[in-house]
Amino acid sequence: MNAAFDPAALVRPDLDGLVPYQVHIHHNVIKLDANENPYDFPPSIREEIWRELGNHTFTRYPDPVAGDLVDRLSDYTGVPAGGILAGNGSDELILTLLLTFGTGGRVVITPPTFSMYEVHARIAGARPVNVPRRQNFILDTPGVIAAARHPETRVIFLCSPNNPTGNATPPEEVAEILKNSRALVVVDEAYQEFGGESCVPLLEEYSNLVVLRTFSKAFGLAGLRVGYLLADPAVVQQLLRIKQPFNLNAFSQLAARTVMARREEFGQLINQILQDREELYRELAALPGVEVFPTVANFILFRTPLPAEQVYRELLANGILIRNMHSPGLEQCLRVTVGKKDENRLFLEKLKMILGL
Ligand SMILES: *Cc1c(COP(=O)(O)O)cnc(C)c1O
């Protein structure tokens, strides 16, 4: 044994303070914490995946560019195949974008927003620069443009609809930023299937735009890790130099392209979620002392009169898991995913009880 060996001493000092991503596994709870599709995967699509699987031995490496899936995605988005890159979840693509374009430079983030932009910026050796959102979580567009003008700014992350606040940024505002930026502008549209206007049409005009999408939310494949990005083919060519050659496994490629081929069947589930979101929103907004923020996604951010940690814990003790978002700018806030009707009803019932209503 070598007593002098200290693995921590071998890690870059700028990563001090980075902690493992925390996921607490809870069994037998109503899971409204991660914005997944609450419905069972459509049985007929699952059967089709099993059928296709019949021809597959997994002895060979997968297609490094997921060509069949990319063709389906081209059909879905209208973006030519050369401008599409699939990844092992959009999380992987966020890291690949930052390793390719961000390292050594500045990365603009607009909190409160998705935490992975900052985490991956740090891992990639880029400096995260915050341009906080304004009242009602509206994007500070002039602030973002000012940050974009800094010569070291390489990448700007915008999330629309924004997680965890639920509001979208109009494409006209994104275009304003694109026009005034030599940096890459990444618009994360993980929740686009639920609402908000897409920035995909802007791709024709702006070669510095990247649109990120995922199969983890509306399309119910969170467990298989499939995301993709849409960009100018020249941007994709740069990313191909950096990404792991076999980043997306064969099974996930097969499942995702089957989902794309039968995507209309998800429309009904999405509509049901949107309808139930309206109902949940109305009922939350009717609770005295509760502030609810407008949303176009499949989750709702709200502020309670009690400490968020207390509400979180008491809901969990009652079998309901949501997300405690308490942090600067989100004091006493929690985020709940729109579930099935009976799940939403139970959540409301328990919340009322906890709040003494
Ligand atoms: C859930 C989520 C993703 C999805 O990540 P995957 O790695 O594709 O599962 C990406 N961006 C945002 C803002 C999200 O909320």
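Given the structure is predicted, the values throughout are model-derived calculations rather than measurements.

Colleague: Requested: an account of the site of the ligand, with residues and values cited.
Modeller: Near the ligand you find 14 residues, and of these Asp 188, Tyr 191, Thr 214, Ser 216 and Lys 217 are the closest. One of the side-chain N or O atoms of Asn 163 is found 2.8 Å from an oxygen atom in the ligand. At a separation of 2.6 Å, a nitrogen atom of the ligand approaches a polar side-chain atom of Asp 188. Tallying contributions element by element places helix α3 (residues 89–102) first for the shell around the ligand, with three residues. In the shell around the ligand, the residues fall into five nonpolar, five polar and four charged.

Colleague: An account of helix α2 (residues 67–77) is needed here, citing residue identities and associated values.
Modeller: Turning to α2, its buried residues number three or more, namely Gly 67, Leu 69, Val 70, Leu 73, Ser 74 and Thr 77. The arc enclosing the buried residues of α2, seen along the axis, measures out at 150 degrees, which places them on a common side. Where α2 is buried, its residues contact β2 (84–87), β7 (209–214), β8 (227–231) and α8 (250–261). One or two steps after α2, the chain reaches Gly 78, where phi turns positive at roughly 80 degrees.

Colleague: Could you give an account of the UniProt feature "domain: Aminotransferase class I/classII large" (unreviewed entry) in the chain, naming the residues involved and the relevant values?
Modeller: The residues that UniProt annotates with the feature "domain: Aminotransferase class I/classII large" (unreviewed entry) are residues 28–350. Helix makes up 39% of residues 28–350 and strand 16%, whereas the separation of the span's terminal C-alpha atoms amounts to 16 Å.

Colleague: How would you summarise the domain arrangement of the chain if you had to cite specific residues and measurements?
Modeller: You can read the domains of the chain as domain 1 (7–41 + 266–355) and domain 2 (57–262). Counting residues at the interface gives 29 residues for domain 1 and 30 residues for domain 2. Roughly 2200 Å² of surface becomes buried between domain 1 and domain 2 when both sides are summed, with 66% attributable to carbon and sulfur atoms. Where domain 1 touches domain 2, the interface holds zero salt bridges. Along the contact surface separating domain 1 from domain 2 lie nine residue pairs in polar contact (both at pLDDT 80 or more). Secondary-structure elements contributing two or more residues to the side of domain 1 that touches domain 2 are α9 (264–285) and β10 (299–303). Of the residues belonging to the side of domain 1 that touches domain 2, the class tally is 17 nonpolar, six polar and six charged.

Colleague: How would you summarise the UniProt feature "modified residue: N6-(pyridoxal phosphate)lysine" (unreviewed entry) in the chain if you had to cite specific residues and measurements?
Modeller: UniProt tags Lys 217 as "modified residue: N6-(pyridoxal phosphate)lysine" (unreviewed entry). Relative to the elements of secondary structure, Lys 217 occurs in the loop between β7 and β8. Assessed through its relative accessible area of 14%, Lys 217 is described here as buried. Excluding residues that lie within four positions of it along the chain, Lys 217 makes contacts with Ala 34, Asn 35, Asn 37, Ala 190, Tyr 191 and Phe 194. Only 3.0 Å separates the side chain of Lys 217 from the side chain of Tyr 191, close enough to count as a polar contact.

Colleague: So what about the nonpolar core? Which residues, and what values?
Modeller: Ranked by internal contacts, the top residues of the largest apolar core, which has 81 residues, are Leu 69, Phe 215, Leu 284, Phe 302 and Phe 347. Broken down by element, this core gets its largest block of residues, six residues, from α9. Residues lining this core come from more than one domain, with at least three contributed by each of domain 1 (7–41 + 266–355) and domain 2 (57–262). Not counting residues within four places of it along the chain, the set of residues in contact with Phe 302 comprises Leu 284, Val 290, Glu 291, Val 292, Phe 293, Ile 322, Gln 332, Cys 333, Leu 334, Val 336, Phe 347 and Leu 351. Of all hydrophobic cores here, the second largest spans 24 residues; its members include Tyr 117, Val 210, Leu 229 and Ala 231.

Colleague: Quick one: what's the story with the packing of aromatic side chains, residue by residue and with numbers?
Modeller: Evaluated as defined, the whole model comprises 12 aromatic pairs. Between the aromatic rings of Phe 114 and Tyr 117, the centroid separation amounts to 5.4 Å while the plane-to-plane angle is 75 degrees, which identifies the pairing as edge-to-face. The interplanar angle of 45 degrees and the centroid separation of 5.8 Å between the aromatic rings of Phe 215 and Phe 219 together place this pair among those described as tilted. For the pair formed by Phe 215 and Phe 219, the shared burial category is buried. Pairwise contacts between aromatic rings join Phe 41, Tyr 76, Phe 215, Phe 219, Tyr 228 and Phe 266 into one cluster.

Colleague: Help me get a handle on the sheet that holds β7, residues and values and all.
Modeller: Read from one edge to the other, the open sheet built from seven strands follows the order β2-β8-β7-β6-β5-β3-β4, with strand pairing classed as mixed. The strands lining the two open edges of the sheet, one partner per strand, are β2 and β4 (127–130). The sheet shows a mean angle of 25 degrees between the axes of neighbouring strands, direction not considered. Of the pairings in the sheet, the one linking strand β6 (residues 184–188) to β7 comprises four bridges and is parallel in character. Note on β7: the bridge partner recorded for Val 185 is Leu 209. Packed onto the sheet, α2 meets β2, β7 and β8 and runs at close to 125 degrees relative to β2.

Colleague: Outline the pairing of strand β13 (residues 333–337), listing residues and values.
Modeller: Where a strand is regular, its side chains alternate between the two sheet faces. The buried fraction of β13 amounts to five of the five residues, a majority that puts the element mostly inside the structure. The alternating pattern of β13 places Cys 333, Arg 335 and Thr 337 and Leu 334 and Val 336 on opposite faces, both of which are buried. Both β10 and β13 contribute to a ladder of five bridges, which runs antiparallel. Residue pairing for β13: Ile 300 is matched across the bridge by Val 336.

Calculation notes
Residues numbered from 1 in each chain as written. Predicted model: local features only at pLDDT ≥ 70, side-chain atom pairs only at ≥ 80, totals over all residues. Heavy atoms only, no water. Near = heavy atom within 4 Å. Polar contact = N/O pair within 3.5 Å; in protein donor to acceptor, adjacent residues only side chain to side chain. Helix = DSSP H or I, 4+ residues; strand = E, 2+ residues; numbered from the N terminus. Nonpolar A, V, L, I, M, F, W, Y, C, P; charged D, E, K, R; others polar. Buried < 20%, exposed > 50% of the residue type's maximum accessible area, 1.4 Å probe, protein only. Arc of directions from axis to C-beta. Contact = heavy atoms within 4.5 Å. UniProt positions renumbered as here; feature names shortened; annotations may be inferred. Domains from an automatic or database assignment. Buried area = accessible area lost by both parts, 1.4 Å probe. Salt bridge = Lys/Arg side-chain N within 4 Å of Asp/Glu carboxyl O. Core = buried A, V, L, I, M, F, W, Y, C linked by side-chain atoms within 4.5 Å. Phe/Tyr/Trp six-rings, centres within 6.5 Å; stacked < 30°, edge-to-face > 60°. Pairing = 2+ DSSP bridges. Axes fitted to C-alpha atoms, helices over the stretch in contact; angles between N-to-C directions.

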